[in-house]
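# Observations on chain architecture
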Amino acid sequence: MLKILTVIGARPQIIKAAAISRVITIAYGERINEKIIHTGQHYDKNMSKVFFEEMNLPSPAYNLKVGSGSHGAQTAAMIKGLEEIMLKEKPSGVIVYGDTNSTLAGAIAASKMHIPVIHIEAGLRSFNKEMPEEINRVLCDHVSTLLFTPTEAGYCNLIAEGFKENTSATLSAGASDALSAGVKPYTINNPKIYHCGDVMYDNCLYFGKRAENRPFMINGTDVTDSNYVLVTIHRDSNTDDPKRLSALFKSIIAISDDFNISVVLPLHPRTANLFKQNLDPGVYRDVKSNEHIKIIPAVSFLDMYTLEKGAKLIMTDSGGVQKESFFFRKPCIILRPETEWVELVENGNAILADANIEKITSAFSELTAKTNFTYPALFGDGKSAFFICETVEGCNCYFC
């Protein structure tokens, strides 16, 4: 049986891991033994525990409980803990997702121990290496053995960086049995790339119906029937910069007042911790006194889906929420200067507005007036997790 360790630590990774774990349970339980390691990167209950419960994800076999800290301290603690677990478990391969410090730590720990890394959501690029996530993506990709990219653009990015489109198998001496069986073992020096679609879209189809008629109340008001904008802000480039954070909230105030529309803003723990400290005092007062702006604690997975499905428009600096806006056919304003999900912008479903007040309000006007949105199959057919599990399970010999 193939033993796989899955490394997760943040909300988007829990969501992605749920798709893979669900398929393993349904179709590969006798052939793949998966154990989940939670680094504890997101330790808030609504950013972690509730997600496991709502998505029926198996409880982690290990929790490093790393918590917050500087990038170096956090990543180092993860690498140390992961290395100890890998030495004990001796896995056939390690799955990592996306672009967080947990992703990087898992990839470094496994690759240095010569354990094949399986990177799900590989190949994405914002082409801005000032973003910690961009560094994590690039480094992880280049120590991985199997790379599964959700989009055509991601696949092309990998080829542009030197990955081979049609990698040939390299078999060591004495591996004739594997060769005759048609097995193609790949390695860190001879990786294999796949364009498979997005496991988050798999989850959207699977869990979307459960969120359809799910009520969500704020101060006794059912927001699912309201005319509101959903906003999420969590990236340190926004939360840690008082000028950018204040500009974003000035934009929120302008939109709520000028367009007479409610704004629902679930506060990520990082944003909640820095909200009053980094926000201009005058802006903070205006936000707190604005009846249109409803600031709430971080929400669970299904509650987030409910809010997304009910929103008129979504404003976010989250990569995952950008995609979810597309899945639920909502226009999106991206609160960053660039995005790894370039297809959304190119197709006209989203606008890059950064932390610029004029760009944000202009984007709101443009997107709320637009009626000719299209939704091509940018993220696959909803069966990406099956493809990944079938490929990994068929690669048992890769990891010998």
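Residues numbered from 1 in each chain as written. Predicted model: local features only at pLDDT ≥ 70, side-chain atom pairs only at ≥ 80, totals over all residues. Heavy atoms only, no water.

### Considering the pairing of strand S10 (residues 228-232)
Under the convention used in this document: Residue burial is assigned from relative accessible area. The probe radius is 1.4 Å, only protein chains are included, and a residue is buried under 20% of its type maximum, exposed over 50%, and partly exposed in between. The way it works is that DSSP assigns letters per residue, a run of H or I at least four long becomes a helix, a run of E at least two long becomes a strand, and they are numbered from the N terminus. A strand pair is defined by DSSP finding two or more bridges across the two strands.
Along S10, 5 of the 5 residues are buried, which leaves the element largely enclosed by surrounding structure. Neither face of S10 is left uncovered, since the one carrying Tyr-228, Leu-230 and Thr-232 and the one carrying Val-229 and Val-231 both have all their residues buried. Alignment of S10 against strand S11 (residues 262-267), held across 3 bridges, turns out to be parallel. Paired with Val-229 across the bridge in S11 is Val-263. Note: S10 against strand S13 (residues 313-316), 4 bridges, orientation parallel. Across the sheet, residue Leu-230 finds its bridge partner in S13, namely Ile-314.

### Here's the deal with the pattern of salt bridges
To keep it simple, the criterion reads: Criterion for a salt bridge: a side-chain nitrogen of Lys or Arg within 4 Å of a carboxyl oxygen of Asp or Glu.
For the structure shown, the criterion picks out 17 salt bridges. A salt bridge links Glu-121 to Lys-16; the nearest nitrogen and oxygen atoms lie 3.0 Å apart. Here Glu-121 is found in the loop between strand S5 (117-120) and helix H5 (132-141), whereas its partner Lys-16 is found in helix H1 (residues 11-28), with 105 residues between them in sequence. Neither Glu-121 nor Lys-16 differs from the other in exposure class; each is buried. In this structure, the salt-bridge partner of Asp-141 is Arg-125, at a minimum N-O distance of 2.8 Å. Taken together, the residues Asp-141 in helix H5 and Arg-125 in the loop between S5 and H5 connect sequence positions 16 residues apart. Asp-141 gets classed as buried once you look at its relative accessible area, which sits at 0%. Here the residues in one salt-bridge network are Asp-99, Glu-133, Glu-134, Arg-137, Arg-235, Arg-336 and Glu-340, joined through shared partners.

### Re helix H3 (residues 71-89)
Note the following rule: A helix is expected to span 1.5 Å for every residue after the first. Arc definition: directions from the helix axis to the C-beta atoms. For this analysis, residues touch if any pair of their heavy atoms sits within 4.5 Å.
Under the 1.5 Å per step criterion, the end-to-end length of H3 is 26 Å for 19 residues, consistent within 8% with the ideal 27 Å. The complete set of buried residues in H3 reads Gln-74, Thr-75, Met-78, Gly-81, Leu-82, Ile-85, Met-86 and Glu-89. For H3, the buried positions fall inside an angular range of 140 degrees around the axis, keeping them on one side. Away from the buried face of H3 by more than 90 degrees, exposed residues Lys-80, Leu-87 and Lys-88 are located. Buried residues belonging to H3 abut strand S1 (2-8), strand S2 (32-38), strand S3 (62-63), strand S4 (93-97) and helix H4 (101-112).

### Description of the pairing of S13
Keep this limit in mind: Here the term right-handed applies to a crossover when the path leading from its first strand over the helix to its second strand runs clockwise, the strands being oriented away from the viewer.
Burial along S13 is two-sided: the residues Leu-313 and Met-315 and Ile-314 and Thr-316 are all buried. Bridge count for S13 against strand S14 (residues 332-334) is 3 bridges, and the pairing is parallel. Looking at S14, one finds that Met-315 is bridged to Ile-333. On the question of chirality, the crossover connecting S13 to the parallel S14 by way of helix H14 (residues 319-327) is right-handed.

### Remarks on the environment of Lys-209
Residue placement: Lys-209 occurs in helix H8 (residues 199-212). Remark: the alpha-carbon pair of Lys-209 and His-292, spanning 83 residues in sequence, is separated by 29 Å.

### Here's the deal with the side chain of Thr-100
Checked against the element boundaries, Thr-100 lands in the loop between S4 and H4. Here Thr-100 falls in the buried class, since its relative accessible area comes to 14%. The residues contacting Thr-100, other than those within four sequence positions of it, are Ala-10, Gln-13, Gln-41 and Asn-136.

### Concerning the confidence of the model for the chain
What counts, and what does not: Per-residue confidence from the prediction method is given by pLDDT, with values spanning 0 to 100.
The pLDDT averaged across the chain works out to 90; a share of 91% of its residues lies at or above 70. Across residues 178-182, where pLDDT falls below 50, the model places 4 contacts with residues more than four positions away in sequence or in other chains.

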